[in-house]
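# Analysis of the macromolecular model
So you can see what is in the structure, the chains are spelled out below.
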Amino acid sequence: MTSPVHGSAGSHAAGTRTDDATATSSPRTGAPVLEVEDLRVEFRSRGPVVNAVNGVSYAIAPGETMAILGESGCGKSVSAQAIMGILDVPPAHITGAIRFEGRDMLQMGAEDQRKIRGPGVSMIFQDALSALNPVYSVGDQIGEMFRAHRGTSKKEAKDRAVELMDRVRIPAARQRVDDYPHQFSGGMRQRVMIAMALALDPKVLIADEPTTALDVTVQAQVMDLLKDLQRDTGMGLILITHDLGVVNEVADRVAVMYAGKVVETGTIDDVFTRPAHPYTRGLMSSIPVLDGKGQRLNPIVGAPPSLARIPPGCSFHPRCPMARRGDGGRPDCTSDVPPLREVAAGRRAACHYSEELLHG
Amino acid sequence: MAETRTRPERRTSEARRRWEGSGEPLLQIRGLAKHFPLQQGIVFKKTVGHVRAVDGVDLTVDRAETVGLVGESGCGKSTVSKLLVALERPTAGEILYKGEDVSQMRGSALKDYRREVQMIFQDPYSSLNPRMTAGDIVAEGWAVHPDVAPRKGRDKRIRDLLDRVGLNADYANRYPHQFSGGQRQRIGIARALAMSPELIVCDEPVSALDVSVQAQVMNLLEDLQTDLGLSYLFIAHDLSVVRHISHRVSVMYLGRIVETGTDADVYGHPSHPYTQALLSSVPVHEPALRGKGDRILLSGDVPSPANPPSGCRFRTRCWKAQDVCAEEDPQLRDRGQGHPSACHFAEDHQVVPTTDDLPG
């Protein structure tokens, strides 16, 4: 199976970066620290094969925030778990390339991969309570990073844990370092996770729905903290979320995912003000606004497909108001897979008819 | 749909007859409180305190009106919904439905009340019995209230109801696991409609759904209100969703209502510091409005409802707090800002950025 996405990603890797939004919009430019190329993840167990990720490519530069936006079941979390190497293989079957500083993590042995996880790429999860171990104190869990990766003594690991808890603004860190996860509030638990993830000064932090379980006032505190930490460390941040508001306020670039594929990428301003894919446009018109009563919502019809039964052609065509059967040599949305192609300077979309969306 | 509104003959009490001529609201809540005892000991249980989940709430809902109740987790909004559908008995205060106090209702009066006031739950996965078909779920209430639907036409009625909520009527024989999340929520709505209710308590009805599906369900709720004249008490934490659907909004904090008014009052002219902080924390999805609002970051967490602060409950996190706030409990009333607010220093301060403010 040759993927149209693969082609664009190939040129990307070969160094023609001028067309990419990264080069112009990110606060720091330079070689990407992490590149994902034609990533595919299938789950093969009993029953039909589940194609969770179907050829996803993106790159992230130091200091840049890239949002991966999508609804539940679009493969956004699985793609991140593949990068972290935390999927069970089998049933997962991963192909493509995940290059960290130019080296393909999928071709490495387990020991080399482990050296990247933590100091290279680390991850925070949505549900901090279930991601933390309830029978170890938070100090033990943060300090474990130093003990496991650097062979630090127990005492020093604890001191470093207190420093980190201070850094993520947990009040009275010295007193709380021996407390257990259940003694912390939701927002504080998420800070503990962030402290663990930052322990070894990663080059890239993957945040998988970091604030979804939190109240909005706490969410604002945590996002504020993440942005400050990113500014201090210059790490790349991959923010996985379904919340368009969070994406708009935090990210530099966005990749919109649908049914295991990236359907649109570009800067936030471009993608949110002038979507080039009907799915993105549908998402934008589905959310109510805060600053007015707004009109009747204009949702996308139907529901996202099961990843075990992705429609042929453009996977969005059954829900798309613009979908058409090809005539006169024009592409047929029900059978021709739209490639992720450049549709305007610095932006890509996987729709045969993006130009119609962009230019009237 | 006229046929879903057949209402059985009902006995009328003195209080209800008085209410019918008075023009008073459908539902009036006055001074409502629910305190849960905190107990210690295994054999001999000793009450050591109370969790003041709801502590003096006033609220009214009129016919064909949607009242939104917003607040963060733990503020008591779900306890209000449980009190309303008579699943819990209030510690103090009264719920007047058509002029009658719900806590005084017994026998057939309570049975009638429970039919007329229905509920839609947050989690469409756990609120449907997995062993019952969609049709059986919708029809189950008729076993208790047979006079709502004559035995003969029930199959037709089930099909009508499923059709009304946008489901294929042929799906009546399917089980919940065969539906998507949005479709399940529609089954929950059909189940509520089957009772020909007057008031539906919606407890976070769309927060488990993806944005595209969430918009479909909100449109459905709006259509049902227009067609059937339903009243909603809409409980949610998503401020944009609440504004979109509500005519009036009340903001809750630690068991109390801190501000109430029309959606334009509360969102456009918030006067309680908590409302201002809450609204300013919501990330907006329009790139043009990014960073335009006045962001107020609250410090700390919500205090425990078992031991709320004296005086104003928000004073421990409030930047305006003075000595009077610790001594005197601020009443929920208009202090010149145009709508009731429970703050000694209530002052209109616009925090939500609007497109009107943009130049050009």
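Cut-offs and rules
Residues numbered from 1 in each chain as written. Chains lettered and ligands numbered in written order. Predicted model: local features only at pLDDT ≥ 70, side-chain atom pairs only at ≥ 80, totals over all residues. Helix = DSSP H or I, 4+ residues; strand = E, 2+ residues; numbered from the N terminus. Rg over C-alpha atoms; globule rule 2.2 N^0.38 Å. Buried ≥ 20, exposed ≤ 12 C-beta atoms within 10 Å, placed from the backbone. Pairing = 2+ DSSP bridges. Contact = placed C-beta atoms within 7 Å. Axes fitted to C-alpha atoms, helices over the stretch in contact; angles between N-to-C directions. Domains from an automatic or database assignment. Nonpolar A, V, L, I, M, F, W, Y, C, P; charged D, E, K, R; others polar. Expected span 1.5 Å × (residues − 1). Bend = angle between axes of the 7 residues up to and from the residue. Parallel < 35°, antiparallel > 145°, perpendicular 65-115°, else oblique. Left-handed = near helix turned anticlockwise from the far one by under 90°. Core = buried A, V, L, I, M, F, W, Y, C linked by C-beta atoms within 7 Å. UniProt positions renumbered as here; feature names shortened; annotations may be inferred. pLDDT = per-residue confidence, 0-100.

Scanning chain A from terminus to terminus reveals 14 helices and 12 strands. Against the globule reference of 21 Å for 360 residues, chain A gives a C-alpha radius of gyration of 21 Å, in line with a compact fold. In terms of principal-axis extent, the alpha carbons of chain A reach across some 75 × 50 × 45 Å. Considering chain A as a whole, with its 360 residues, one finds that 52% of them fall into the buried category.

Another aspect to go through is the sheet that holds strand 4 (residues 92–100) of chain A. All names here are of chain A. Strand order across the open sheet formed by 4 strands is 2-1-4-5, with antiparallel pairing between neighbours. With one partner strand each, in any of the chains shown, strand 2 (50–60) and strand 5 (103–104) form the two edges of the open sheet. Packing of helix 3 (residues 76–84) onto the sheet brings it into contact with strand 1 (34–43), strand 2 and strand 4, and relative to strand 1 it is tilted by some 110°.

Another point: the pairing of strand 3 (residues 65–69) of chain A. All names here are of chain A. Most of strand 3 is tucked away: 5 of the 5 residues are buried. Side chains Thr65, Ala67 and Leu69 project from strand 3 onto one buried face, and the interleaved Met66 and Ile68 project onto a second face that is buried too. Taken together, the 5 bridges between strand 3 and strand 8 (residues 236–241) define a ladder with parallel strand orientation. Each residue of the ladder has a partner; that of Ala67, found in strand 8, is Leu239. With 4 bridges connecting them, strand 3 and strand 9 (residues 253–258) associate as parallel partners. Directly across from Ala67, in strand 9, lies its bridge partner Val254.

Turning our attention to the domain arrangement of chain B. By a widespread convention, an interface's size corresponds to the accessible area lost as its parts come together. All names here are of chain B. Structurally, chain B comprises domain 1 (18–38 + 49–246) and domain 2 (271–360). A separation of 29 Å is found between the C-alpha centroids of domain 1 and domain 2. Taken together, the contact between domain 1 and domain 2 spans 11 residues of the former and 8 residues of the latter. The biggest single contributor to the side of domain 1 that touches domain 2 is strand 2 (residues 46–61), with 6 residues. Looking at the side of domain 1 that touches domain 2 residue by residue, the class counts come to 4 nonpolar, 4 polar and 3 charged.

Right, let's get into helix 6 (residues 138–150) of chain A. Two residues of an α-helix separated by three or four positions point the same way, owing to the 3.6 residues in each turn. All names here are of chain A. Relative to the 18 Å expected for 13 residues at 1.5 Å per residue, helix 6 spans 18 Å between its end C-alpha atoms, a close match to the ideal helical length. By the largest-angle criterion, Glu144 marks the main kink of helix 6, which is about 30°. Among the residues of helix 6, those classed as buried are Val138, Gly139, Gln141, Ile142, Gly143, Met145 and Phe146. For helix 6, the secondary structure elements touched by its buried residues are helix 7 (154–167) and helix 9 (186–198). Of the residues flanking the end of helix 6, it is Gly151, one or two places downstream, whose phi is positive at about 65°.

Turning to the packing of helix 13 (residues 278–286) of chain A against helix 7 (residues 211–228) of chain B, a few remarks are in order. Taken N-terminus to C-terminus, the directions of helix 13 of chain A and helix 7 of chain B make an angle of 45°; their axes are 9 Å apart at the nearest point. Between helix 13 of chain A and helix 7 of chain B, the angle falls in the class oblique. For the pair helix 13 of chain A and helix 7 of chain B, the sense of crossing is left-handed. Listed contacts from helix 7 of chain B to A:Gly282, A:Leu283 and A:Ser286 of helix 13 of chain A are B:Val211, B:Ser212, B:Gln214 and B:Ala215.

What follows is about the interface of chain B and chain A. The partner chain A presents 38 residues to the 38 residues of chain B that form the contact. At the level of elements, helix 7, helix 8 (239–245), helix 9 (263–268) and helix 10 (273–281) of chain B are the ones that each hand at least two residues to the side of chain B that touches chain A. Looking at side-chain class alone, the side of chain B that touches chain A contains 17 nonpolar, 14 polar and 7 charged residues.

On to the sheet that holds strand 7 (residues 199–203) of chain B, then. All names here are of chain B. Strands sit in the order 6-7-8-3-9-10 across an open sheet of 6 strands; the sheet is mixed. Since the sheet does not close on itself, it has two edges, and those belong to strand 6 (117–120) and strand 10 (256–262), each with one partner. Each neighbouring strand pair of the sheet contributes to a mean axis angle of 20°, computed without reference to strand direction. The pairing of strand 3 (residues 66–70) with strand 9 (residues 248–253) spans 4 bridges and is parallel. Within the sheet, the bridge partner assigned to Val70 lies in strand 9 and is Val251.

In this structure, A:Val192, A:Ala195, A:Ile238, A:Val256, B:Val138, B:Leu233 and B:Val251 are the most contacted members of the largest nonpolar core, which totals 195 residues. Counting residues per element, this core draws most heavily on helix 9 of chain A, at 8 residues. The contact partners of B:Val138, leaving out residues within four places of it in the chain, are B:Ile158, B:Leu161, B:Leu162, B:Ile187, B:Ala190, B:Arg191 and B:Ala194.

Time to look at the environment of B:Arg335. Residues and elements named next belong to chain B. For Arg335, the location among the structural elements is in the segment after helix 11 (323–327). Overall, the presence of 16 C-beta atoms within 10 Å leaves Arg335 in the partly exposed class. Residues Arg335 and Gln40, spaced 295 residues apart in sequence, show a C-alpha to C-alpha distance of 43 Å. Setting aside chain neighbours within four positions, we find Arg335 in contact with Ser341 and Ala346.

Another point: the pairing of strand 7 of chain B. Residue and element names in this part refer to chain B. With 5 of its 5 residues buried, strand 7 lies for the most part within the structure. Along strand 7, one buried face is formed by Leu199, Val201 and Asp203 and the opposite face, lined by Ile200 and Cys202, is buried too. Two strands pair when backbone bridges link them, and strand 6 and strand 7 are joined in this way by 4 bridges, in the parallel orientation. Each residue of the ladder has a partner; that of Met119, found in strand 7, is Val201.

Here we take up the environment of A:Pro210. Residues and elements named next belong to chain A. By the secondary structure assignment, Pro210 is in the loop between strand 7 (204–208) and helix 10 (216–233). For Pro210, a count of 28 C-beta atoms within 10 Å puts it in the buried group. Put simply, Pro210 and Gln126 are 84 residues apart on the chain and 4.8 Å apart in space, counted from C-alpha to C-alpha. Those residues in contact with Pro210 that sit more than four places away from it in its chain are Ile124, Gln126, Gln190 and Val222.

Looking now at the UniProt feature "domain: ABC transporter" (unreviewed entry) in chain A. Here the UniProt feature "domain: ABC transporter" (unreviewed entry) sits at residues 34–284 of chain A. Secondary structure content for residues 34–284 of chain A is 41% helix and 26% strand, and the end C-alpha separation is 29 Å.

What follows is about the confidence of the model for chain B. Of all residues in chain B, 96% attain a pLDDT of 70 or more, and the chain-wide mean is 87. At the level of chain-chain contacts, confidence expressed as ipTM amounts to 0.80, with global pTM at 0.84.

What follows is about the packing of helix 6 of chain A against helix 9 of chain A. For any two helices packed against each other, the geometry is given by the interaxial angle and the distance between the axes. Residue and element names in this part refer to chain A. Contact geometry for helix 6 and helix 9: axes closest at 8 Å, N-to-C directions at 20°. One element, helix 6, and the other, helix 9, form an angle in the roughly parallel class. Handedness of the crossing formed by helix 6 with helix 9: right-handed. When helix 6 is examined against helix 9, the residues Val138, Gln141, Ile142 and Met145 are found in contact with a partner set consisting of Val192, Ala195 and Met196. Of the residues contributing to the contact of helix 6 with helix 9, the split by class is 6 nonpolar, 1 polar and no charged.

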